[in-house]
Amino acid sequence: MKQFIEGSHAVAEIIKRCKPGVVSAYPITPQTHIVEDLAQMVASKELNAQCVNVESEHSAASVVLGAEAAGVRSYTATSSQGLLLMAEVIFNIAGMRLPLVLTCANRAISAPINIWNDQQDVMAVRDSGWIQLFAETNQDVVDLHLQAYKIAEDPRMMVPVMVNMDGFILTHGMEVVDMPSQEEVDKFLPPYQTDYKLDVDNPKTMGYLADPDYYLEIRYILEKTLREALGVVPEVAEQFKKAFKRETFGLIEGYKLEGAEKVFVAMGSVCGSIRDVVDELRVKGEKVGLLKVICYRPFPKDAIALALSSVREVAVVDKSISLGAYGPLYTDLTSALSSSGCKIPKVSGFILGLGGRDITKKSIVDVYDRLGGKQVDCEFMGLKQELLKDCK
Amino acid sequence: MAETLFKPGHTACAGCGQAIGARLVLDTAGKNTIICNNTGCLEVFSTKYPESSWSVPFIHSLFENCSAVASGVEAALRFLGKKDSINVIAQAGDGGTADIGLQALSGMLERGHDVLFVCYDNEAYMNTGIQRSGLTPTLTNTTTTPTGSASTGNPRPKKPMPEIANAHGIPYVATASVGFPLDIQKKVKKALSIKGPKYMQIHVPCPLGWQHESNKTFEVAKLAVETGLYPLFEYENGQLIPRKIAVLKPVEEYLKTQGRFKHLLKNPEAMKQVQDIADANIKKYGLKAEV
C-alpha cells in the first residue's frame, strides 16, 4: 500500500513486519525515530518483541548478539559515534556468523561533532565482514531491509547485513513508499529457524579461542561466504522483484549507461541528485551516466568493471574519506578496475558533502566540469576559500 | 571423579581457583543453564578450538559485554517463553567485572534481567600477566604496581563491587570463596531460586599470580576469609547476612602465604595498614562470631 511516510517510520514499519523477537538500541540522532516507533509498536502490542533499552551502543549490539545467538531474529539501529562504539561488537557478530540486521543512519564523525549526514561512520566498519547495502530512496530503505533478513538468514550466508540510509536526507525525509503488507512479508520472509544457537537440549560452544592453527581458515571461510554473497544478493533481489512486482537491483544499478562516455559512481541518496544532473546533461547532448553501488560489501568487482568497460572517464563521488589517502569508494573502484583485465578508464576521485554540506545539482555539475581535465584522486569540492585563508 | 558439566582436559594451571569455582557454580546450576562468558583466563583455558569443557550452551563474545550478551539471551528466552526453565549465568574475571565490564553489568542490573552474574575474583589481570585491576587489594605487588624504593605496591583500595551491585537495589548479592565450596553451592542455589538480577563474587586464588604453591589454593582462600580480608556475606533484598568467623586470625597468616605480599612482611606500617582493612571489614560486616 502506498503511503506518504518519513524514512524512519518506513524502517520501523518494515521491521515490524519482519517480526524480530528482540529489539535493542541506544538513542542517537538521526536514528531515534526508528527505535521510538518500534518501542511504541511494542507498547501498543502491534509488535510482539522484547524491547531492551540499554546503556550504550556497545551493549545494544551485544544484546542483539546474545539474542541472535539464542536463535531469535533481532534488530538494532544506530549512527555515527554509536556505530563506532559498537565497532568491536560489529566485528564479533560477523565473526560469530550471526544473521543480524542493523540500520545505520549515516552521519558524520566527531571531531568537530556534527549530527548531519555523510558516510564516514560505516567506513569505520567496512572491513568487519558485514554485508553492507546503501539505499538511495525510502522505497529502497523498505525493500533493502526486507531483503537484508532474507540474505542474512540464508543458510549459505549466516552473516549480518547493515542497511545504510543517509541521515536526515532519508531518515527524516518524507516520500511516497509502497509498503508491503504483512501477508506479503510473511510469504517472502519465513520465521527464522536455525540449529546454530544456544540450546540446552543441544549444547554448543560459541565464541571459541582459535589459535594460529585454525584462525586463518576460519577467516578465509568468512571471506569465501562474503564472495558468495555476490551471487546471493542478486538472487534475493530477483525473488523480491517476483514477489513484489517492483524493481530492485541487487549489487549495482546503472542509469543511462548506454553509450555513456563519462560516468558518475556513487552510493546512497546523492544518486537521486546525480540522476537529475545526468538527465539535464543528456538533454544538452552530453554522453553521461550513473553507476549506483548498492552493495558496497562484498564489493561487486566484476559487475562494476563490466559496467564501466566501455567508459572513457569516471567520477567517483565519496561522502567519506580515508584521511591521508583517498575516498573509500574511489580506492575500491580503482582496485577493482585494475585487476579486472578490462580496459581501464580514467578515474578521478571527489570528496563531497562531509558533515551535511548540501550536495546540490550545481556541485555535481562542478564535478562533471572537472572531467576532461587533469585527473585528480582525492579532490575536495565546494570548499569555502574564505574559511581557509589562514590555512597555508 | 564425580560427574561434572565442566569437563576436565582444559588448560588451566594446576591449582587454579577459577577452574574450581566455575565447576562448582555450573554443577550447582545444572544442565538447564546458558553461560555467557567475558574474555579472560576461564574462557581461554576452557574453549580452545575445536575443544570445549562446557557441556551446557556457552557463548563468549568480548571482554566487557557478557552482561549485555546475557541480557540479550534472557530477552530471547523470554520471547520464546522459555525463561522460567533455563538459568542464564554471566561470568567474568575481576577486570571484566569491576573495570571494563562495569558499565554493561550496571545496565543489566538496573534493567532487572533474570541473570546471575558471577565474578571470579583473582584480584588482577591474570590472563595478560598479573596487571593490577580495580579489585586488586591494597599494597599488592603486581606487574603494573610493582614494588620499589618509591612503591609498596598497589596504592588503592579494592573497589567495593558487592556494595556497588547492592546499590542497584537488586534482590541478591553474595560473596563466596573456593575455600568454602559448600557455601558456594548454597549461594548459587539460593541465587538461582530468586527472579531478577543477582551478583556473586567468588574469591579464587591464582597460584601463578599470587605466588603460592598450587596445592595451597584452598588453604590460601580460607585464610583470606578467616583474617577478615575477604568477608563472606549476602545481601538479601538489601539485608546484610554475614558469614561469621569463629576464630579470627591476624592478616600476617594470610599475607605470608603469597609472594605478592612478601614485601609487606618486614614493613610494620604496611602490615598495620592491611590489618586495619581487615578490622574495618570485620566491623562493617559483623564477621566476628559471638561466643
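Here goes a summary of the coordinates provided. Being a predicted model, the structure only gives us computed values, none of them experimental.

**Some thoughts on the overall build of chain B**
Right, on to step 1. What chain B contains, in helices and strands, is eleven helices and ten strands.
Right, on to step 2. Computed over C-alpha atoms, the radius of gyration of chain B comes to 18 Å, within 12% of the 19 Å expected from 2.2 N^0.38 for 291 residues, which places it in the range of a compact globule.
Right, on to step 3. Each of the three principal axes of chain B carries a C-alpha extent, and together these read 60 × 45 × 35 Å.
Right, on to step 4. Across the 291 residues that make up chain B, the buried fraction comes to 53%.
Right, on to step 5. Partitioning the intrachain contacts of chain B with sequence separation of at least 6 by distance along the chain shows that 68% fall at a separation of at least 24.

**Focus on the overall build of chain A**
Right, on to step 1. Scanning chain A for helices and strands turns up twelve helices and 16 strands.
Right, on to step 2. Relative to its length of 392 residues, chain A is compact, with a C-alpha radius of gyration of 21 Å against a globular reference of 21 Å.
Right, on to step 3. Overall, the C-alpha framework of chain A stretches about 65 × 50 × 50 Å when taken along its three principal axes.
Right, on to step 4. Looking at the 392 residues of chain A, the share that counts as buried comes to 52%.
Right, on to step 5. Partitioning the intrachain contacts of chain A with sequence separation of at least 6 by distance along the chain shows that 79% fall at a separation of at least 24.

**Points about the sheet that holds strand S14 (residues 313-318) of chain A**
Strand pairs in the sheet, formed through backbone hydrogen bonds, run parallel or antiparallel to each other.
All names here are of chain A.
Right, on to step 1. Strand order in the open sheet formed by six strands is S10-S12-S11-S14-S15-S16, with mixed pairing between adjacent strands. In this open sheet, the two edge strands, each paired with only one partner strand, are strand S10 (252-255) and strand S16 (379-380).
Right, on to step 2. Contacts from helix H9 (residues 270-283) reach S10, strand S11 (262-266), strand S12 (288-293) and S14, with the element oriented near 165° to S12.
Right, on to step 3. Strand contacts of helix H12 (residues 361-370): S12, S14 and strand S15 (346-351), with the helix running at about 145° to S14, the strand carrying the most contacts.

**Remarks on the interface of chain A and chain B**
Right, on to step 1. The interface of chain A with chain B comprises 36 residues on the first partner and 38 residues on the second.
Right, on to step 2. Where the side of chain A that touches chain B is concerned, the elements lending two or more residues are strand S2 (22-25), strand S3 (50-53), helix H3 (57-69), helix H4 (80-95) and strand S9 (205-206) of chain A.
Right, on to step 3. For the side of chain A that touches chain B, the element with the most residues is H3 of chain A, which contributes nine residues.
Right, on to step 4. Note: S9 of chain A against strand S2 (residues 58-60) of chain B, two bridges, orientation parallel. Bridge pairing links Thr205 of chain A to Phe58 of chain B in S2 of chain B.

**Observations regarding the sheet that holds S2 of chain B**
Right, on to step 1. Strands sit in the order S9(A)-S2(B)-S1(B)-S3(B)-S4(B)-S8(B)-S7(B)-S9(B)-S10(B) across an open sheet of nine strands; the sheet is mixed. The sheet is open, and its two edges are formed by S9 of chain A together with strand S10 (239-242) of chain B, each paired on a single side.
Right, on to step 2. Bridging between strand S9 (residues 233-236) of chain B and S10 of chain B involves four bridges; their strand directions are antiparallel. Each residue of the ladder has a partner; that of Glu234 of chain B, found in S10 of chain B, is Ile241 of chain B.

**Digging into the pairing of strand S7 (residues 161-166) of chain A**
Residue and element names in this part refer to chain A.
Right, on to step 1. Burial of S7 is extensive: six of the six residues sit out of reach of the surface.
Right, on to step 2. The two faces of S7 match: Val161, Val163 and Met165 on one face and Met162, Asn164 and Asp166 on the other face are all buried.
Right, on to step 3. Relative to S7, strand S5 (residues 101-106) is paired through six bridges, and the arrangement is parallel. Paired with Leu102 across the strands is Met162, a residue of S7.
Right, on to step 4. Across four bridges, strand S6 (residues 131-134) lies against S7 in parallel orientation. In the sheet register, Phe134 faces S7, and the bridge partner there is Asn164.
Right, on to step 5. Considered for its hand, the β-α-β crossover made up of S6, helix H6 (residues 138-152) and S7 is right-handed.

**Focus on the environment of Glu290 of chain B**
Right, on to step 1. Mapping Glu290 of chain B onto the fold places it in the segment after helix H11 (268-285).
Right, on to step 2. In the structure, Glu290 of chain B is positioned 165 residues away from Tyr125 of chain B in sequence and 38 Å away in space, judged by C-alpha atoms.

**With respect to the nonpolar core**
Right, on to step 1. Counting residues in each nonpolar core, the largest one holds 205 residues, and the members touching the most others are Val265 of chain A together with Val73 of chain B.
Right, on to step 2. Among the elements that line this core, the one with the most residues is helix H3 (residues 66-80) of chain B, at nine residues.
Right, on to step 3. Mapped onto the domain boundaries, this core takes at least three residues apiece from domain 1 (2-244) and domain 2 (252-387) of chain A.
Right, on to step 4. Look past the residues within four positions of Val73 of chain B in its chain and what remains in contact with it is Gly66, Ala67, Ala69, Ala70 and Leu198 of chain A together with Ile34, Cys36 and Val88 of chain B.

**Brief notes about the packing of H3 of chain A against H4 of chain A**
Residue and element names in this part refer to chain A.
Right, on to step 1. Two elements in contact, H3 and H4, have axes separated by 7 Å at closest approach and are oriented at 30°. The orientation of H3 relative to H4 falls into the category roughly parallel. For the element pair H3 and H4, the recorded crossing hand is right-handed. For the pair formed by H3 and H4, the contact residues are Glu57, His58, Ala61, Ser62 and Leu65 on the first element and Gly82, Leu85, Met86, Val89, Ile90, Asn92 and Ile93 on the second.
Right, on to step 2. Looking at the contact of H3 with H4 residue by residue, the class counts come to seven nonpolar, four polar and one charged.

**Quick word on H6 of chain A**
An α-helical turn contains 3.6 residues, so any two residues separated by three or four positions project in the same direction.
Right, on to step 1. Look at H6 of chain A: 21 Å from first C-alpha to last across 15 residues, which is about the 21 Å you get at 1.5 Å a residue.
Right, on to step 2. Burial analysis of H6 of chain A places 15 of its 15 residues in the buried class, which makes it a mostly covered element.

**Some thoughts on the environment of Ser71 of chain B**
Right, on to step 1. If you trace the backbone, Ser71 of chain B turns up in helix H3.
Right, on to step 2. Assessed through the 33 C-beta atoms surrounding it within 10 Å, Ser71 of chain B is described here as buried.
Right, on to step 3. Residues Ser71 of chain B and Lys158 of chain B lie 87 residues apart in sequence; the distance between their C-alpha atoms is 27 Å.
Right, on to step 4. Dropping the residues within four chain positions of it, Ser71 of chain B is found in contact with Val52, Val63 and Gly66 of chain A together with Met108, Arg111, His113 and Val115 of chain B.

Cut-offs applied
- Residues numbered from 1 in each chain as written.
- Chains lettered and ligands numbered in written order.
- Predicted model: local features only at pLDDT ≥ 70, side-chain atom pairs only at ≥ 80, totals over all residues.
- Helix = DSSP H or I, 4+ residues; strand = E, 2+ residues; numbered from the N terminus.
- Rg over C-alpha atoms; globule rule 2.2 N^0.38 Å.
- Buried ≥ 20, exposed ≤ 12 C-beta atoms within 10 Å, placed from the backbone.
- Contact = placed C-beta atoms within 7 Å.
- Pairing = 2+ DSSP bridges.
- Axes fitted to C-alpha atoms, helices over the stretch in contact; angles between N-to-C directions.
- Right-handed = clockwise from strand over helix to strand, strands pointing away.
- Core = buried A, V, L, I, M, F, W, Y, C linked by C-beta atoms within 7 Å.
- Domains from an automatic or database assignment.
- Parallel < 35°, antiparallel > 145°, perpendicular 65-115°, else oblique.
- Left-handed = near helix turned anticlockwise from the far one by under 90°.
- Nonpolar A, V, L, I, M, F, W, Y, C, P; charged D, E, K, R; others polar.
- Expected span 1.5 Å × (residues − 1).

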